[in-house]
Protein chains: 2
Amino acid sequence: MQYFARPISRLIGQLTRLPGIGPKTAQRLAFHILAGSQSAARDLAESILEARDKIKYCSRCCNLTEDDPCPICRDSRRDGELLCVVENPQDIVAMEKTGEFFGFYHVLHGSISPIDGIGPEELKIKELLERLKNSGVKEVIVATDPNVEGEATALYLARILKPLDYMVTRIAHGLPIGGDLEYADEVTLGKSLQGRKEI
Amino acid sequence: MQYFARPISRLIGQLTRLPGIGPKTAQRLAFHILAGSQSAARDLAESILEARDKIKYCSRCCNLTEDDPCPICRDSRRDGELLCVVENPQDIVAMEKTGEFFGFYHVLHGSISPIDGIGPEELKIKELLERLKNSGVKEVIVATDPNVEGEATALYLARILKPLDYMVTRIAHGLPIGGDLEYADEVTLGKSLQGRKEI
């Protein structure tokens, strides 16, 4: 039996396609939208269309941006010798929030994952090599995620960038600040031991 | 600092207004939408607009519907002597799924909650009294939620409907099927004791 009117079913179906939204959550969201004002629904729909229409890749760093090049690539106060490679646009936000990095970025839009059929060609690595030419970049900091795919991507980048005489570094792995030694997993603790520093 | 391009910020802001969606989830949803195809984004936006435009209240039962009267109110095989009063359109779906109710419904769109400033006038009670006139309804089953507001609403309905010679009943409270006596809260267990039946 069809429990919902067709437009409601359609809306629930569309919402279910979003990540982390199951049928129950989609239903709650749909009824919230229906209970709200017409202008609230229009604002939401328009924001989706506007974002999808106006946002494109920055031609330099492949970050998502409204203007090309993006504000970070246009920022002349940044250090042109440092380039931080990340998997996703969200990672740039995380890096910027640290307030500790003042170089430029390059977004790969994923990581190498043979199991998902994602090889280097699917990532923005060609674009990375292209922009590095005559760029003045000296150090490439690989800030991919600390998991199997991120590590594989980091190793791959090191292998192709080192012969071109770039210094390739990897962000440190270790215990998170505020963490507890007792509850740390052994791989993380092992990494934090390997990466120990004199104080 | 502005970490996201304006259209992305706007989309995240709009998504954060949905229930149960915090800033982090909104960000994940926004980047999912941006990573998807243009047509996927358009489908989502259109389904929101279509649902909000086409869905209205059924003039009889106040359920959300595309056609007026709604399919349930048009169903002539249903028992016209039974009317089930629920808080929300979602509750009708829950009732229908039981396969045990074959009467008609009335949606109050909320429950009496003085703390939130919701009195009987804010609910579809006027509409309920109006439709009951010359309707042939004999029993009004009050299926509001088993919480303070739902109980208050049930009592209020009983008080105004009994003098009009309708039989007013309340759905049973007790232990949920598959539940465990040991872990039941004392109020539920007390209710299930009060509502005991001879077998």
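Here the structure is a predicted model, which means the values were calculated and not measured. (Residues numbered from 1 in each chain as written. Chains lettered and ligands numbered in written order. Predicted model: local features only at pLDDT ≥ 70, side-chain atom pairs only at ≥ 80, totals over all residues. Heavy atoms only, no water.)

What follows concerns the pairing of strand β5 (residues 139–142) of chain B. Residue and element names in this part refer to chain B. The alternating pattern of β5 places E139 and I141 on one face and V140 and V142 on the opposite face, and all of these are buried. The pairing of β5 with strand β6 (residues 167–170) spans four bridges and is parallel. By the bridge assignment, E139 is partnered in β6 with M167. Handedness of the crossover joining β5 and β6 through helix α7 (residues 148–161): right-handed. (Buried < 20%, exposed > 50% of the residue type's maximum accessible area, 1.4 Å probe, protein only. Helix = DSSP H or I, 4+ residues; strand = E, 2+ residues; numbered from the N terminus. Pairing = 2+ DSSP bridges. Right-handed = clockwise from strand over helix to strand, strands pointing away.)

This brings us to the environment of I72 of chain A. Mapped onto the elements of the fold, I72 of chain A is located in helix α4 (residues 71–74). The spatial distance from the C-alpha of I72 of chain A to the C-alpha of E46 of chain A is 26 Å, given a sequence separation of 26 residues.

Moving on: the relation of the copies chain B and chain A. For the pair chain B and chain A, the relating rotation is 180 degrees, the translation along its axis is 0.0 Å, and the fit reaches an RMSD of 0.0 Å. Look at the turn and shift together and you get a two-fold axis relating the two. Every residue of chain B has its C-alpha some distance from the rotation axis, and the shortest such distance is that of A45 of chain B, at 2.2 Å. In this assembly the copies share their binding face: 100% of the residues contributing to the interface of chain B also contribute to that of chain A. (Least-squares fit on C-alpha atoms with pLDDT ≥ 70 in both. Contact = heavy atoms within 4.5 Å.)

Turning to the packing of helix α1 (residues 6–16) of chain A against helix α3 (residues 38–54) of chain B, a few remarks are in order. α3 of chain B packs onto α1 of chain A with a crossing angle of 150 degrees between their chain directions and a minimal axis gap of 9 Å. Helix-helix and strand crossings are classified by hand; for α1 of chain A and α3 of chain B the assignment is left-handed. Between α1 of chain A and α3 of chain B, the residues in contact are R6, P7, R10, L11, Q14 and L15 of chain A and A40, D43, L44, E46, S47, I48, E50, A51 and K54 of chain B, respectively. Grouping the constituent residues of the contact of α1 of chain A with α3 of chain B by class yields seven nonpolar, two polar and six charged. (Axes fitted to C-alpha atoms, helices over the stretch in contact; angles between N-to-C directions. Left-handed = near helix turned anticlockwise from the far one by under 90°. Nonpolar A, V, L, I, M, F, W, Y, C, P; charged D, E, K, R; others polar.)

On to the interface of chain B and chain A. In this assembly, 50 residues from chain B lie in contact with 50 residues from chain A. In this structure, the connection of chain B to chain A is made through eight salt bridges. Two residues, R10 of chain B and E46 of chain A, come together in a salt bridge whose shortest N-O distance is 3.8 Å. In this structure, the connection of chain B to chain A is made through 13 residue pairs in polar contact (both at pLDDT 80 or more). At the level of elements, α1 (6–16), α2 (23–35), α3, β2 (64–65) and α5 (89–98) of chain B are the ones that each hand at least two residues to the side of chain B that touches chain A. Here the element with the most residues in the side of chain B that touches chain A is α3 of chain B; it accounts for 16 residues. (Salt bridge = Lys/Arg side-chain N within 4 Å of Asp/Glu carboxyl O. Polar contact = N/O pair within 3.5 Å; in protein donor to acceptor, adjacent residues only side chain to side chain.)

As a further point, take the sheet that holds β5 of chain B. Residue and element names in this part refer to chain B. What the four strands build is an open sheet, ordered β4-β3-β5-β6; its pairing is parallel. The open sheet has two edge strands with one neighbour each: β4 (104–107) and β6. Strand-to-strand twist of the sheet, defined as the mean angle between neighbouring strand axes without regard to direction, takes the value 25 degrees. Each of β3 (82–86) and β4 touches α5; the most contacted strand, β4, lies at about 155 degrees to it. The sheet contacts of α7 involve β3, β5 and β6, and relative to β6 the element is tilted by about 170 degrees.

Moving on, we come to helix α2 (residues 23–35) of chain A. Between the first and last C-alpha of α2 of chain A there are 18 Å, a value that for 13 residues agrees with the 18 Å anticipated at 1.5 Å per step. Every buried residue belonging to α2 of chain A is among A26, Q27, L29, A30, F31, I33 and L34 of chain A, and all of these are buried. Contacts made by the buried residues of α2 of chain A are with α1 and α3 (38–54) of chain A together with α3, β2 and α5 of chain B. (Expected span 1.5 Å × (residues − 1).)

Read these as layout, nothing more, since geometry by itself doesn't imply function.
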